[in-house]
Amino acid sequence: MTYRIEKDTLGSVKVPANKYWGAQTERSRNNFRIGSEASMPIEIIHAFGFLKKAAAHANFELGILSKKKKDMISLVCDEIIEGKLNDQFPLVIWQTGSGTHTNMNINEVISNRAHVLMGGKLGSSQSFIHPNDDVNMSQSSNDTFPTAMHIASYQKLVKKTIPSIQVIKKTLEEKSKSFNNVIKIGRTHLMDATPITLGQEFSGYVSQIDHGLNALKRSLDHLSELAIGGTAVGTGLNAPKGYDKKVTEYICEYTRLPFKVAKNKFEAIASHDAIVESHGAIKQIAISLIKISNDIRFLSSGPRSGIGEIYIPKNEPGSSIMPGKINPTQCEAIIMVCTQIIGNDMAISVAGSSGNYELNVYKPLMAYNFLQSSQLLSDACFSFSSFCVKGIKPNYRRIKEFLEKSLMLVTALNTHIGYEKSEKIAKYAYENNTTLKEEAIRLGYLTVDEFENFVNPSKMV
């Protein structure tokens, strides 16, 4: 590999000759060789593209950046947004907690790429556009990185996560309606309970997802607030008057999303409660999905030696040794995803609570975990809906068998013969391995017609 020499305030640094980044990026790349899987999410990089372009236009409009510099910065930012420069951002999340290294990575790439687009050669001379004075004009890493976090997180939620959650909700709704007349035995404490329809059971799942989805949508208002314009500590030092509003307006124009200036920039930089809040809603949905997935895999268990009240799709062989075995793999996959999300939420919670004074220095970690959770939840919801829930069918024979055998149908007799007599019927039916009807008649509590009139599962749901 050949190198060129780049300089920063600490001196000279050897940088790969064919890369657009500069000295500060290379220092971070060499000083933080931590992990191999956790590079800065590309969504953050693309969000910076929107932000740096918006900042250049705002600075030009406010008369502190030339038109030529504004145009060149915008040109490179468009390349970043389009993903043409993805390989120029090598840094890991395990870096400075403010994200300064990534902010400077962006600044250096824009500066050097603009230099080349204007006919210059990397390393030949100082770029026409300075990474700090021009690209970072009116900014600090402390307000740009949280702004990029919010842009990337908001985009991910509205374009990927929320639509996928809506898919699984719709699929569950369709199943609930189609199962509405399928009467089965309910279960509480894992034991037989009074009847319920399979549709009613699934309606509970729909409601869980709906509440979680509403919580996630409500969190978007806080997440839409941008810290830009607060600069280092929230006071806006070195940012011209009106800059924050203009930058935010441009970001809204470019992303077509309803961002707004943070109500309090001290809060926006020193804490990340908006990220904590939104991820909390993601965790809520994850918890709901674990419950739903567990119910489905237990209801489909067997098929002959378990509950087996529903059939799930046969997507792939389930065992390398047991022929014909089918496993609830989609349930298992989404449960693992949701477990990861709960772990991510713990990390985000600790990170969010650990900001000191005017700056939270867990920003890259929070961004990485949030975006991973959002993507995983999106993918898993779509997969679970497509390859499991859509194909669920009732096992009518099994459902009828369990319903007829259940002793808890005796509950319907409480209001006719009282709790104690009803309990005796259930007790003797269990001990004698007989039916409720047989014991009710044997004990002289009811006639055949009375029993059949009172104990009617269709009237109990």
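Look up: the structure comes first, before these words.
What you see is a predicted model; the values in this text were computed from it and never measured. (Residues numbered from 1 in each chain as written. Predicted model: local features only at pLDDT ≥ 70, side-chain atom pairs only at ≥ 80, totals over all residues. Heavy atoms only, no water.)

Student: Whenever I open this one, the pairing of strand β3 (residues 183-188) confuses me. Can you help?
Tutor: Along any regular strand the residues' side chains alternate between the sheet's two faces. Inspection of the sheet shows β3 paired to strand β4 (residues 191-197) by 5 bridges, in the antiparallel sense. Counterpart to Ile 185 in the pairing with β4 is Pro 195. In this antiparallel pair of consecutive strands, β3 and β4, the connection spans 2 residues, and His 189 shows a positive phi of 60 degrees. (Pairing = 2+ DSSP bridges. Helix = DSSP H or I, 4+ residues; strand = E, 2+ residues; numbered from the N terminus.)

Student: Before we go on, may I ask you to explain helix α4 (residues 100-117) in this structure?
Tutor: In an α-helix, one turn spans 3.6 residues; hence positions three or four apart end up facing the same way. Between its first and last C-alpha, α4 extends 26 Å over 18 residues, near the 26 Å set by a 1.5 Å rise per residue. For α4, the buried fraction is high: 15 of the 18 residues fall into the buried class. At the C-terminal side of α4, Gly 119 shows a positive phi close to 100 degrees. (Expected span 1.5 Å × (residues − 1). Buried < 20%, exposed > 50% of the residue type's maximum accessible area, 1.4 Å probe, protein only.)

Student: Would you take a moment to explain the packing of helix α11 (residues 329-353) against helix α12 (residues 363-387) for this structure?
Tutor: For any two helices packed against each other, the geometry is given by the interaxial angle and the distance between the axes. One way to put it is that α11 packs onto α12 with a least axis distance of 9 Å and a crossing angle of 160 degrees. As judged from the angle between their axes, α11 and α12 are roughly antiparallel. Note that α11 runs across α12; the crossing there is left-handed. (Axes fitted to C-alpha atoms, helices over the stretch in contact; angles between N-to-C directions. Parallel < 35°, antiparallel > 145°, perpendicular 65-115°, else oblique. Left-handed = near helix turned anticlockwise from the far one by under 90°.)

Student: Can you help me understand unusual backbone geometry in this one?
Tutor: Generally, phi is negative for residues other than glycine and the peptide bonds are trans, each holding for most cases. Between Gly 302 and the following residue, Pro 303, the backbone shows a cis peptide bond with an omega angle of 10 degrees. By the secondary structure assignment, Pro 303 is in the loop between α10 (273-299) and β7 (310-311). One non-glycine residue, His 189, lies in the positive phi region at around 60 degrees. As for its placement among the helices and strands, His 189 is situated in the loop between β3 and β4. Of note, the phi angle at Tyr 357 is positive, near 55 degrees, even though the residue is not glycine. Mapped onto the fold, Tyr 357 is located in the loop between α11 and α12. On the accessibility criterion, Tyr 357 (75% relative accessible area) is exposed.

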